[in-house]
Amino acid sequence: MSQEMVTITVNGRQAQVPKGMLLVEAAKYAGIDIPVFCYHPKLDPVGVCRMCLVEVEGQRKPVPACTTPVADGMVVRTDTPVVQRLQRGVIEFLLLNHPLDCPICDKGGECPLQDQTFRYGPPQGRSLDPKVRKPKAVDLGNFIVFDQERCILCRRCTRFDHEITQEDHLVITQRAHENRVTTADGAPFNSYFSGNTIELCPVGALTSDIYRFKARPWDLARVPFVCTGCPAGCNVYLDFRFGELLRVISRDNPELDGGWLCDRGRFNYRYVHGEERLRRPLVKKDGAFVEVSWEEAFAEIARRLRQVRRDRGGAAIGAIGGGRLTNEEAYLFQKLVRAVFGSPNVDWRVGEQYIASSREFPGRISDISQASGILLVDLLPAERIPVVDLRIRRAAGRGRALLAAVGPAMPTYRPEFKAFPAREEEIPRVLASEELFELYRGRSRVVVLWSGRGRAVGAALAALLRRLKEAGSEVSLLIAGEQANAWGAEAMGVHPERLPGYAPVLHEGARRLVEQAWQVALPEGAGLDTARMLQRAAAGRLEALYLVSANLMATFPDRQLVEQALSKVPFLVVQDLFLTETAKHADVVLPAAAFPEKSGRYTAMDGTVQAVEQAMEAEGDALSDREIFARLAQAMGVRLYASDQELAWEMQHLAGAQDGRLAAAPAEMLAGEGEEEPAPAAEGEGLVLVPVERLYAGGGTAYFDAEFRRARPKAEARFHPEDAARLGIAAGAAVELAAGGVSQRYEAAVDRSVVAGTVQVPKGLFEAPANAFAKGARVAVTVLKPVAEEVS
Amino acid sequence: MSAPAWVEKHKEKIEEIIARYPKKRSALMPLLHLAQEERGWIADEDIEAVAAILGETKSVVESVCSFYSLFYRRPMGKYVITVCGNITCGLSGAQELVDHLERRLGIKVGETTPDGLITLLVTGECIAACDGAPALQVNLEYCGNVTPERADEIIELIKKGEDPAAISDRFGIPPVKAV
Amino acid sequence: MAFEPVLTKGIGKLDLVDIEVYESQGGYQALRKALKQMTPEDVHNEVKKANLRGRGGAGFPAGIKWGFLPDDGRPRYLCCNADESEPGTFNNKMLIEYNPHLLIEGILLAAYATKAAQSFIYIRGEFKRGYETLVKALAQAKAKGYVGRNILGSDFSQEITIHRGAGAYICGEETGLLSSLEGGRGEPRIKPPFPAVSGLYGCPTVVNNVETLCNVPFIVDRGAEWFLSIGTEKSPGTKIFSVSGKVRRPGNYELPLGVTLRELLEEHAGGLLPGRTLKAVQPGGASSPVLLPEHLDIPLDFDSVQAAGSILGTAGVIVFDDTVCMVRTALYYADFFSHESCGQCTPCREGTAWTARILRRIEQGQGTEHDLEVLRSLKETMSGTTICLLSDFSITYLQSVLKHFEDEFKAHVHGRSCGLHAREVRSA
Ligand SMILES: Cc1cc2nc3c(=O)[nH]c(=O)nc-3n(C[C@H](O)[C@H](O)[C@H](O)COP(=O)(O)O)c2cc1C
Ligand code: SF4
Ligand code: FES
């Protein structure tokens, strides 16, 4: 795309710059830095701090460079006595009541106010008046501490909350020098994106509660990394002090994160050093775990698995997990299972998602920003892929993209969107409806985001997208994985029916290719998927189960089945970071390395492959999953791979893994191959239970992170106002939901976004596991303790 | 919190207010005025109601509300006496007037008489009654040339429950000065 | 000396709020004439020819402003600025309370000329009576078919929406007004784009003062020539001078622009109080630099006042005699501006508050020479550096008194009072 260029002169230097660019940006082309406070390239300019005033020939008054677009022939000076005096003046004003407590301020050393005072400020302030005192160290929410004295009212934080998240909770109140940044409504600032304001804040007014007082920036060693919290693939920096991970901040990748992070990605990292990390291998002896050496653990696993293989055949072993592993580890995992355990039973799917990518409708996360139509299918993006949600909100909020949502739970957006509430089994019908088709027909670019749940939904989606494509739209399907690297695991063949590179397990040629590369015979036939492995195990027909970063008790929709399987299976190995509910059932527990402790590649939900290098030593004796697989294979007498180079070659050869991209799943996988899932529970009385994802729920890192746990959602059942009124439920009341012999207590909440006739409960809560109920259950509601009548 | 009574009571009026503007959000101030007319001040539940009507967050409504001096966010007396504290009134004895009112009412500026009848305020904004300095407003109705004696008479009328408009009719500022 | 007032004619004698009375005085004739005999362009041209300069403070010709509206299919809006909050200014209030139909007629004509889709009156919250009067007058005008659909059987339709402010001086600034009218905080916006190009809801918008609009019916009715025959060449027409402070008869006086300060004060406002001497006069509201006794004979029109080192502004004329402490006057304003700044711009938010703190100290005898130096220097960082002019306003008067009454400031600084008494008015 060619852009019209104009010529400007800044301090005598000429530069060609795109027409209409803001002067503050354009000056950079001439190598001139204009100081700013309120301006931020990712926010709409407001021109309030007045730090960027410069002189423009022909203008009577100095102009703000941050709001002035360049015009051809513009002659600008940023270094005149007038400009310098104004810069000194603005800084003098800003420091009038600033506490100058830099020695104890987290921002010290990386503070724009400090730096610009140094560079542009007056040698000394002239005020004789005592400083105005304001509240310090105010808790603004779960993770943010606010120091009002330091605030310079640049409004970056409030603009972020208005323009980017569109949540409008953080605002300016009062007038003149009484201006204050606050949530105004008394509610804490608990946006999923609150942490971004810390980075936006050009002073130390907004600081991280977790990082506060932990380090001086110049003592930090910084490592570029990729967040492994979800498949959005946001880029981060990890900041270490003497090997301790102290902070996670954003590293702008315009294609993926656009420079933002969610609060889970930003604040859920202290578990890495947490007490509850597994640091030594454990073996259960007489019902209790004892710490053992790796050698002992491997020897035990090798002995048991060899025995199973000998006595019952490899197919009596099952292996589940992989969606959280690196591409390399996922590859090695399935190779270990197939080539070393001799089992075809390997599956990455630990929850309800059955597919992670779609070759037929490729798309990039950044497409969302260009979309003219966005469709959300059975997905609450904020809860699963939060930073991607910001893109959706922006695209829809500016009125450019039509937004609609289909599914049992609706998102809560400020911008208008079309809601198509539908129970899971009704989704295919909605997708096939003319109404939906007509809504999107003719839109130049349609992006569909989907949870990857339900084969029938996949088939219906494929049909809809094909129709839209035929009608002339460019269509993309982005599948938001439940696990960070679902796509990588799927592509690497952690799948009972697919070898690396999606090659069908039963395809002779494909088998031969793999057998040649591995120099072993592949186990016969297709493997069992997760549900079937669990069913077999529960039926006493599986001898061993190997779970890798798979906390099935929390993630699998049928908790009862998991419980039966885990207690029934004679030999259970769990490889994880923590002693999860699932791990507690294990015979051997293997401590795995956390994300900063290992190298490898991750695949984002649009197929982007990103490499990271190990950033810290592993805690205790924990080993990377890659090393565990290799050494376990070794203990079983097999060398899994000879060198990194060989591994890379193998992955490329078999899985088509190339730098930068991974191939996506072929069309027939999306359209619903494999057996039909059992139909959801039958009709009946009561509200339909809709377990919904909550960003901070789940049985893993959020739960085992002492400094993040406070943010975990409570056991809350959300009702539509009409249902609440009909059932006599007030917000805050204690209620019991019961179905099929299961009953659980929740605190009631009333929320307009809940679909009438349903009740939403969080998924993955330890204290009230929603998967204890049967899928699609209708629950009876009993009010246990109403809230005290409000006196008004 | 349930919606305050004015929302139901003025259902049609609210619709009518919103319809006056090309964009709904413009109704924010009129709705706050409506709420304040009913209660005499703006309570949290009013903020919440306005937010709900307009589809904005409470924070946004509070942010706007707090910008304006005439939206009171705490309970006020039945009569609010606001003395102009700007220059012309100031040079014409406004502070003496305030002192007198404080003594007479037994309260300080910003306070309300214990019986809830009168709140005394001073505004920094010129109330555009400089031709009647020192001036004050009783529930936004003007009184001019308010000497301590006239102030006493005004308070007497207030105590009798007189309508502020009627008070202003007696103590207001004539548009044309007799020569 | 019987100059026949124009806008204020009949006020105090007739109940012009009653539409019948207004009509009996020739009211709504201009509207009738425009709709029957003139195109919108004709009306616009007449106003342009008349060189009607804005009465809201800046003196910008209304006809030229209307000509800035782009013709690009977006709806246009007309906003009447009735926020009148400039200290010492109270003529809009009188017009609204006593001659509301004149304003309504003026708005209708301006809306006709500018092809506005809808008109708004932004009236300051304190003008409760004015608001009620306008509501009543508007209902009458509607009933008579002057407002609404197909006015007087023509193609011209117009709704007028009255919007109440709620106590914020800055909403008088035209873009602050628009922010407020859109349901936001009354924060001014960066110009350009000017309201004419991107105003209310991002659409082309004209903002005119009450008094400006009240002149339009007469210009339409009697013609530009007539208008040009009043006042001075460059400042034609009448102006309602709001005189207050230390004079015998404070009040509104409608006189031709160019009347001398002396005539205004001595013949109309009754002169000084007995036994007093004149110290200084502000001719145009809070920000206008002082005029001194030597300026008594300057004509009060936009250009002459500027030539004398001040501004005509809103023509809110405030008179200070020898009993007035000039430090005190500066402090009143400083408090006012530091309270009324919207708070967006650093120099304004911080500078106005700082100015007030320094002046308070000086006034209380705790100031130093250093403080005076700081105050003088603030001109450099507070004027011409912000989004709107409030910051400039807050500093211009101060600079003029620092210059002309330096000795009074010094007297305060050196621990002696200037001997003049006017107490601070405490707000809570
Ligand atoms: C701080 C500030 C306050 C103002 N207050 C008023 C006001 O109260 N009334 C008014 O008519 N204009 C006021 N103005 C001027 C308006 O911005 C605008 O110029 C005027 O309404 C235009 O109308 P006119 O052209 O008819 O004069 C103010 C300007 C500033 C900078
Ligand atoms: S100069 Fe003052 S009042 Fe004007 S926009 Fe800036 S902060 Fe607001
Ligand atoms: S950076 Fe331009 S005004 Fe703040």
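Turning next to the sheet that holds strand β18 (residues 373-377) of chain A. Either a parallel or an antiparallel arrangement is found when strands of a sheet pair, and the pairing is made through backbone hydrogen bonds. All names here are of chain A. Strand order across the open sheet formed by five strands is β20-β19-β18-β21-β22, with parallel pairing between neighbours. With partners counted over all chains shown, the strands left at the sheet margins are β20 (418-421) and β22 (474-479), one partner each. Shown here is a sheet whose adjacent strand axes are inclined to one another by a mean of 15 degrees, direction ignored. In the packing of helix α11 (residues 386-397) onto the sheet, the strands contacted are β18, β19 (402-407) and β21 (445-450), and the crossing angle to β18 comes to about 135 degrees. Helix-sheet contacts for helix α14 (residues 455-470) involve β18, β21 and β22, and the interaxial angle to β21 is about 175 degrees.

Structurally, C:Asp371 is set in helix α15 (residues 369-382). Aside from chain neighbours lying at most four places away, what touches C:Asp371 is A:Leu128, C:Ile358, C:Arg361, C:Ile362 and C:Gln366.

Residue and element names in this part refer to chain C. Around ligand 1, the structure places 18 residues, and the nearest of them are Gly-56, Asn-81, Asn-208, Asn-209 and Thr-212. Contact distances for ligand 1 include 3.0 Å between an oxygen atom and a backbone N or O atom of Glu-174. In the model, an oxygen atom of ligand 1 is placed 2.8 Å from a nitrogen or oxygen of the Asn-208 side chain. The fraction of the free accessible surface of ligand 1 (610 Å²) that becomes covered by protein chains is 92%. With three residues, the single largest contributor to the shell around ligand 1 is strand β4 (residues 205-209). Class assignment of the residues belonging to the shell around ligand 1 gives a composition of four nonpolar, eight polar and six charged.

Now for the interface of chain B and chain A. In this assembly, 13 residues from chain B lie in contact with 13 residues from chain A. Between chain B and chain A, a total of about 1100 Å² is buried, with carbon and sulfur atoms accounting for 46% of that surface. For the interface between chain B and chain A, the tally reads one salt bridge. Remark: the boundary between chain B and chain A carries nine residue pairs in polar contact (both at pLDDT 80 or more). Taken together, the residues of the side of chain B that touches chain A sort by class into four nonpolar, six polar and three charged.

Around ligand 2, the structure places 13 residues, and the nearest of them are C:Cys342, C:Cys345, C:Cys348, C:Thr386 and C:Cys388. Looking at side-chain class alone, the shell around ligand 2 contains eight nonpolar, five polar and no charged residues.

Here we take up the pairing of strand β32 (residues 758-762) of chain A. All names here are of chain A. Burial runs high along β32: five of the five residues are buried. The side-chain alternation of β32 yields two buried faces, one formed by Thr-758, Gln-760 and Pro-762 and the other by Val-759 and Val-761. Where strand β28 (residues 687-692) and β32 come together, five bridges link them in parallel fashion. Of the residues in β32, the one forming a bridge with Pro-691 is Val-761. Examined bridge by bridge, strand β29 (residues 716-719) and β32 share two bridges and lie antiparallel to one another. From the neighbouring strand, Phe-719 faces β32, where its bridge partner is Val-759.

Attention now goes to the domain arrangement of chain C. Residue and element names in this part refer to chain C. Split into domains, chain C comes out as domain 1 (19-228), domain 2 (238-321) and domain 3 (326-413). On a C-alpha basis, the centres of domain 1 and domain 3 stand 34 Å from each other. Between domain 1 and domain 3, the contact holds 12 residues from the first and 10 residues from the second. Summed over both sides, the interface between domain 1 and domain 3 buries roughly 890 Å², with carbon and sulfur atoms accounting for 72% of that surface. Considering only the surface of domain 1 that becomes buried against domain 3, Tyr-169, Ile-170 and Pro-188 emerge as the three largest contributors, covering 52% of it. Inspection of the region where domain 1 meets domain 3 yields two residue pairs in polar contact (both at pLDDT 80 or more).

When their charged atoms lie close together, side chains carrying opposite charge are able to pair. Residues and elements named next belong to chain A. All chains considered together, the criterion is met by 109 salt bridges over all chains. Between Lys-136 and Asp-101 there is a salt bridge, with its nearest N and O atoms 2.9 Å apart. You can see Lys-136 sitting in the loop between α3 (112-120) and β6 (138-139) and its partner Asp-101 sitting in the loop between α2 (81-96) and α3, a full 35 residues away along the chain. Of the residues examined, Lys-136 reaches a relative accessible area of 31% and is grouped as partly exposed.

All names here are of chain B. Relative to the helices and strands, Gln-36 resides in helix α3 (residues 28-39). Gln-36 gets classed as buried once you look at its relative accessible area, which sits at 14%. Setting aside anything within four residues of it in sequence, one finds Gln-36 in contact with Trp-41, Ile-42, Leu-70, Phe-71 and Tyr-72.

Another point: the pairing of β28(A). All names here are of chain A. Where burial is concerned, most of β28 is hidden: five out of the six residues are buried. With two bridges connecting them, β28 and strand β33 (residues 778-785) associate as antiparallel partners. Among the inter-strand pairings, Leu-687 is bridged to a residue of β33, identified as Val-779.

Glancing now at the confidence of the model for chain C. Predicted confidence across chain C gives a mean pLDDT of 96, with 97% of residues reaching 70 or more. Complex prediction metrics read pTM 0.96 and ipTM 0.96.

Here we take up the sheet that holds strand β8 (residues 316-321) of chain C. Residues and elements named next belong to chain C. One open sheet holds the four strands; their spatial order is β6-β5-β8-β7, and the pairing between them is mixed. Looking along the sheet, the strands with just one partner apiece sit at the ends: β6 (251-256) and β7 (278-282). Here the average twist between neighbouring strands, direction ignored, is 30 degrees. By the bridge criterion, six bridges tie strand β5 (residues 238-245) to β6 in an arrangement that is antiparallel. Looking at β6, one finds that Ser-242 is bridged to Asn-252.

Here the focus is the packing of aromatic side chains. Scanning the entire structure with this criterion turns up 34 aromatic pairs over all chains. With a centroid separation of 5.8 Å and an interplanar angle of 65 degrees, the aromatic rings of A:Tyr271 and A:Phe578 are classed as edge-to-face. Taken together, the residues span a long stretch of sequence, with A:Tyr271 in the loop between α6 (263-267) and β14 (282-285) and A:Phe578 in the loop between β24 (571-576) and β25 (588-591) at a distance of 307 residues. The exposure classification of A:Tyr271 matches that of A:Phe578, with both residues buried. The residue whose ring lies beneath B:Arg39 is B:Trp41, and the NZ or CZ to ring-centre distance is 5.8 Å. Of note, C:Arg222 hangs over the ring of C:Trp226, and the distance from its end group to the ring centre comes to 4.8 Å.

With 56 residues of chain B in contact, the opposing surface of chain C contributes 68 residues. Here chain B packs against chain C, burying approximately 4900 Å² in sum over the two surfaces, 56% of which is carbon and sulfur. It is B:Phe67, B:Leu91 and B:Glu125 that lose the most area in chain B upon contact with chain C, and together they represent 15% of the buried surface on that side. When the shortest N-O distance is used, the salt bridge between B:Glu125 and C:Arg124 registers 3.4 Å. At the junction of chain B with chain C, the criterion picks out 27 residue pairs in polar contact (both at pLDDT 80 or more). Mapped onto the side of chain B that touches chain C, the elements with two or more residues apiece are α3, α5 (58-65), α6 (87-91), α7 (94-105), β4 (141-143) and α9 (164-171) of chain B. Ranked by residue count, the leading element in the side of chain B that touches chain C is α7(B), at six residues. Its residues assigned to classes, the side of chain B that touches chain C comprises 29 nonpolar, 15 polar and 12 charged.

Let us look at α9(B). For an α-helix the count is 3.6 residues per turn, leaving residues at separations of three or four pointing the same way. Listing the buried residues of α9(B) in full gives B:Pro164, B:Ile167, B:Ser168 and B:Phe171. Buried positions in α9(B), seen along its axis, are confined to an arc of 100 degrees and lie on one side of it. More than 90 degrees from the buried face of α9(B), the exposed residues found are B:Asp169 and B:Arg170. Buried residues along α9(B) sit against β1 (79-84), β3 (136-138), β4 and α8 (148-159) of chain B together with α7 (128-143) of chain C.

Residues and elements named next belong to chain B. Axis separation between α8 and α9 bottoms out at 10 Å; the angle between their running directions is 155 degrees. Our classification of the angle between α8 and α9 gives roughly antiparallel. Once α8 is placed against α9, the crossing between them reads as right-handed. Across from Arg-150, Glu-153, Ile-154, Leu-157 and Ile-158 in α8, the residues of α9 making contact are Ile-167, Arg-170 and Phe-171. Split by residue class, the contact of α8 with α9 holds five nonpolar, no polar and three charged.

Reading guide: rules and limits
Residues numbered from 1 in each chain as written. Chains lettered and ligands numbered in written order. Predicted model: local features only at pLDDT ≥ 70, side-chain atom pairs only at ≥ 80, totals over all residues. Heavy atoms only, no water. Pairing = 2+ DSSP bridges. Helix = DSSP H or I, 4+ residues; strand = E, 2+ residues; numbered from the N terminus. Axes fitted to C-alpha atoms, helices over the stretch in contact; angles between N-to-C directions. Contact = heavy atoms within 4.5 Å. Near = heavy atom within 4 Å. Polar contact = N/O pair within 3.5 Å; in protein donor to acceptor, adjacent residues only side chain to side chain. Areas by Shrake-Rupley, 256 points an atom, 1.4 Å probe, with all protein chains shown as cover. Nonpolar A, V, L, I, M, F, W, Y, C, P; charged D, E, K, R; others polar. Buried area = accessible area lost by both parts, 1.4 Å probe. Salt bridge = Lys/Arg side-chain N within 4 Å of Asp/Glu carboxyl O. Buried < 20%, exposed > 50% of the residue type's maximum accessible area, 1.4 Å probe, protein only. Domains from an automatic or database assignment. pLDDT = per-residue confidence, 0-100. Phe/Tyr/Trp six-rings, centres within 6.5 Å; stacked < 30°, edge-to-face > 60°. Lys NZ or Arg CZ within 6 Å of the ring centre and 35° of its normal. Arc of directions from axis to C-beta. Parallel < 35°, antiparallel > 145°, perpendicular 65-115°, else oblique. Left-handed = near helix turned anticlockwise from the far one by under 90°.

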